[in-house]
Amino acid sequence: MGVVNVTPDSFSDGGLWLDADAAIARGRRLVADGADLVDVGGESTRPGAQRVDEATELDRVVPVVRALAGDGIAVSVDTMRARVAEAAWQAGAALVNDVSGGRADPDMLRVVADVGAPFVVMHWRAHSAAMQEADHTRYGDVVADVRAELSRQVDSALAAGVRPDRLVVDPGLGFSKTGEQNWEVLEALGTFASLGHPLLVAASRKRFLGELLATGGELRPAVERDDASAAISVLAARAGAWAVRVHEVRASADGVRVVGRLRGSSGG
Ligand code: PMM
């Protein structure tokens with residue numbers, strides 16, 4: 001899954017693809033690089049981010065989704081808003097990726113159930129403005145707690161009528177998690193796969209990689225974290241992930257093919 005952030009303020013590519021034509025070209029490029037899915041978002045969820053209004057999000061996302069879907073590209077829409085999900089679905093999106101897993105907008109699960117969209121349920125505790133505050137990163141056992149909370153989010157989606165075969169789960173790296181907690185989650189991907197739904201892993205360029213690669217106390221800049229991101233893609237594929245969400249696709253797509261070949265199949 002290649003990322004197109006149609007935002008001025010995403011942490012690693014904010015402003016690069018804000019113009020619709022630039023975003024569409026980027027989406028096509030990601031597919032040429034090997035992406036099977038392009039994730040289009042119009043609202044940054046970086047730690048501390050403030051929300052954008054719905055009209056702005058719709059204006060950013062819908063033309064890009066329509067153009068890429070019109071090319072025959074499988075598009076996911078990265079949104080916490082039911083109306084944006086619905087409009088993107090009507091514009092040809094194939095999947096709804098909600099970082100709140102249906103918790104931010106009370107209408108989301110109903111809309112997704114009504115239209116029959118595949119739906120990513122990500123582990124989520126709070127909006128970006130507050131998610132790294134201490135009480136939102138407190139866990140007894142981060143792996144067990146994230147699994148239990150994600151399982152409850154899945155139950156809510158099922159109760160709202162989303163079909164079980166439409167659900168994808170994501171442990172939400174960097175969302176209400178410290179760097180150390182992200183590593184614990186990554187070491188336990190099988191625990192999340194055991195929820196019985198396809199698993200999405202989204203580590204690309206996140207801060208904990210900048211911390212890992214820091215030199216002299218300086219974080220490695222976000223755009224220089226792609227090699228480490230691709231390494232995680234390989235490990236995630238090896239652990240049975242269904243998809244990885246990345247900003248630069250080629251190295252991850254190639255790595256996933258290597259893993260697939262070692263499994264004796266042509267895919268990942
Ligand atoms: N992370 C970001 C945005 N969307 N979606 C899913 N399913 N999982 C994630 O971890 C996730 C996401 C934040 O990264 P970005 O600002 O670079 O897009």
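Our subject is the structure that appears above.
Our subject in this report is the structure included herewith. (Residues numbered from 1 in each chain as written. Predicted model: local features only at pLDDT ≥ 70, side-chain atom pairs only at ≥ 80, totals over all residues. Heavy atoms only, no water.)

### Focus: the sheet that holds strand β2 (residues 38-41)
Strand order in the open sheet formed by six strands is β1-β2-β3-β4-β5-β6, and the pairing between neighbours is parallel. The open sheet is flanked by β1 (2-5) and β6 (167-170), the only strands paired with a single partner. On average, adjacent strands in this sheet sit at an angle of 25° to one another, irrespective of strand direction. In this sheet, β6 lies alongside strand β5 (residues 119-122) in parallel orientation, the contact comprising four bridges. Bridge pairing in β6 places Phe119 opposite Leu167. (Pairing = 2+ DSSP bridges. Helix = DSSP H or I, 4+ residues; strand = E, 2+ residues; numbered from the N terminus. Axes fitted to C-alpha atoms, helices over the stretch in contact; angles between N-to-C directions.)

### A short note on the packing of aromatic side chains
For the structure on display, the rule yields one aromatic pair. With a centroid separation of 5.0 Å and an interplanar angle of 75°, the aromatic rings of Trp183 and Phe208 are classed as edge-to-face. Of this pair, Trp183 sits in helix α6 (residues 179-186) while Phe208 sits in helix α8 (residues 207-212), placing them 25 residues apart in sequence. You can call Trp183 partly exposed: its relative accessible area is 28%. Owing to a relative accessible area of 3%, Phe208 belongs among the buried residues under this scheme. The ring of Tyr139 carries Arg125 above its face, with NZ or CZ at 3.8 Å from the centroid. (Phe/Tyr/Trp six-rings, centres within 6.5 Å; stacked < 30°, edge-to-face > 60°. Buried < 20%, exposed > 50% of the residue type's maximum accessible area, 1.4 Å probe, protein only. Lys NZ or Arg CZ within 6 Å of the ring centre and 35° of its normal.)

### As for the site of the ligand
Looking at the ligand, there are 15 residues lining it, with Asn97, Asp170, Lys206, Arg245 and His247 nearest. Here a nitrogen atom of the ligand and a side-chain polar atom of Asn97 are 2.7 Å apart. Contact distances for the ligand include 2.7 Å between an oxygen atom and a side-chain N or O atom of His247. Residue composition of the shell around the ligand, grouped by class: seven nonpolar, four polar and four charged. (Near = heavy atom within 4 Å. Polar contact = N/O pair within 3.5 Å; in protein donor to acceptor, adjacent residues only side chain to side chain. Nonpolar A, V, L, I, M, F, W, Y, C, P; charged D, E, K, R; others polar.)

### A closer look at the environment of Ala25
Checked against the element boundaries, Ala25 lands in helix α1 (residues 20-32). Accessibility expressed as a relative area gives 41% for Ala25, which makes it partly exposed. For Ala25 and Ala67, which are 42 residues apart along the polypeptide, the C-alpha to C-alpha distance reads 9.8 Å.

### Describing the packing of α1 against helix α2 (residues 54-70)
One can describe the packing of α1 onto α2 by two numbers: an axis separation of 9 Å at closest approach and a directional angle of 40°. Judged on the interaxial angle alone, α2 and α1 are oblique. Classified by chirality, the crossing of α2 by α1 is right-handed. Judged by residue contacts, Ala20, Ala23, Ile24, Gly27 and Arg28 of α1 engage Pro63, Val64, Ala67 and Leu68 from α2. Residues of the contact of α1 with α2, tallied by class, amount to seven nonpolar, one polar and one charged. (Parallel < 35°, antiparallel > 145°, perpendicular 65-115°, else oblique. Left-handed = near helix turned anticlockwise from the far one by under 90°. Contact = heavy atoms within 4.5 Å.)

### Thoughts on the pairing of β2
Along β2, one buried face is formed by Val38 and Val40 and the opposite face, lined by Asp39 and Gly41, is buried too. In this sheet, β2 lies alongside β1 in parallel orientation, the contact comprising four bridges. Looking at β2, one finds that Gly2 is bridged to Val38. Taken together, β1, α1 and β2 constitute a β-α-β crossover, and its handedness is right-handed. As a crossover connection, the stretch from β2 through α2 into strand β3 (residues 75-78) is right-handed. (Right-handed = clockwise from strand over helix to strand, strands pointing away.)

### Things to note about helix α4 (residues 108-115)
For α4, every residue scored as buried is listed here: Met108, Leu109, Val111 and Val112. Each buried residue of α4 lies within a common arc of 165° when the element is viewed along its axis, so the set occupies one face. For α4, the elements touching its buried residues are α3 (82-90), β4 (95-98), β5 and α5 (142-159). (Arc of directions from axis to C-beta.)

Spatial relationships are all this shows, so hold off on functional conclusions.
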